[in-house]
Amino acid sequence: MVIKFSQLKSLFFFGITFCIVLVCGLAFGQPSLAQSSLAARVDLVGADITGTLILTQQENGLVRIRGTIQGDPATLTPGLHGLHIHSVGVCEPGAQPPFSTSGGHFDPGPFGSEVPVEANHPYHLGDLPNLVVDEQGYATYNALTSRVTLSQSPITLFDNNGSAIIIHQLTDQQKAGGTAAEAGGGRLACGVVTRDDSSGQSENRSS
Ligand SMILES: [Cu+2]
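Residues numbered from 1 in each chain as written. Predicted model: local features only at pLDDT ≥ 70, side-chain atom pairs only at ≥ 80, totals over all residues.

**Remarks on the overall build of the protein chain**
Then, number 1: On a plain count of helices and strands, the protein chain comes out with two helices and nine strands.
Then, number 2: Secondary structure elements of the protein chain, listed N to C terminal, follow the sequence α-β-β-β-β-β-β-β-β-β-α.
Then, number 3: The buried share of the protein chain, reckoned over its 207 residues, is 32%.
Then, number 4: Counted over contacts in the protein chain with a minimum sequence separation of 6, partners at least 24 positions apart contribute 63%. (Helix = DSSP H or I, 4+ residues; strand = E, 2+ residues; numbered from the N terminus. Buried ≥ 20, exposed ≤ 12 C-beta atoms within 10 Å, placed from the backbone. Contact = placed C-beta atoms within 7 Å.)

**What to know about the confidence of the model for the protein chain**
Then, number 1: When pLDDT is averaged along the protein chain, the result is 84; 77% of the residues meet or exceed 70.
Then, number 2: Between residues 15–36, whose pLDDT stays under 50, and residues either more than four places distant or in other chains, the model counts five contacts.
Then, number 3: Long-range and interchain partners of residues 202–207, a stretch whose pLDDT sits below 50, account for five contacts in this model, where long-range means more than four residues apart. (pLDDT = per-residue confidence, 0-100.)

**Comments concerning the environment of G177**
Then, number 1: Here G177 is to be found in the loop between strand 8 (164–168) and strand 9 (187–195).
Then, number 2: Separated by 58 residues in sequence, G177 and A119 have C-alpha atoms that sit 5.0 Å apart.

**A word on the nonpolar core**
Then, number 1: Counting residues in hydrophobic clusters, the biggest one holds 34 residues, and the most contacted among them are V42, L44, L55, I165, I167 and V193.
Then, number 2: For this core, the elements supplying multiple residues, two or more each, are strand 1 (39–46), strand 2 (49–57), strand 3 (63–71), strand 5 (83–86), strand 6 (131–133), strand 7 (138–145), strand 8 and strand 9.
Then, number 3: With five residues, the single largest contributor to this core is strand 9.
Then, number 4: Those residues in contact with L55, other than ones at most four positions away along the chain, are A39, A40, V42, V63, I65, L150 and V193. (Core = buried A, V, L, I, M, F, W, Y, C linked by C-beta atoms within 7 Å.)

**Observations regarding the pairing of strand 3**
Then, number 1: Note: strand 2 against strand 3, nine bridges, orientation antiparallel. For L53, the partnering residue across the bridge sits in strand 3 and is G67.
Then, number 2: In this structure, the hairpin formed by strand 2 and strand 3 is closed by a connection of five residues, where G61 is found at a positive phi of approximately 90°.
Then, number 3: Across eight bridges, strand 3 lies against strand 7 in antiparallel orientation. When the sheet's bridge partners are listed, R66 is paired in strand 7 with N142. (Pairing = 2+ DSSP bridges.)

Right, dumping it as structure tokens:
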């Protein structure tokens, strides 16, 4: 079989193009890897409760929140417990009432309202699904939210005063205009949202 010069030429240019695409792909692939490693860690502490939640901002912008929490089932009772992102990254168990230093529900923006009993609830940006606790006081959490970001934005969790995650005594009934008790009541555990890019990378590797 005889390969004509013109065929060789097109083969050559095909090869060059392929290499350029490959090199560019590798070069431009790096920033998106860095983007996907945006992660945060929340170490929850409360009376007889410990747990860790890892937050990972995915390439599509959604933030996954997952981890495990365990407590004395006398305190972290079996069933549903309200779990929200609160607006201030300060957790003080000695505050009156406990962990009130973490403020209301995270809800920045022109129509923001952190008050749990106002109409914005359960539509605050920091509102999340309830935590499901088993008979032994153990819970795994896995939720996805499009309402917040870890990257810089008007709805970033790393704003001027930070943010925290709270686990409540009661179930969040997730209804608008309810009482404080219907939004979860007292605060059992609290954890400040802290940057943790290393756990983001391991999260991505494992998923
Ligand atoms: Cu809350």
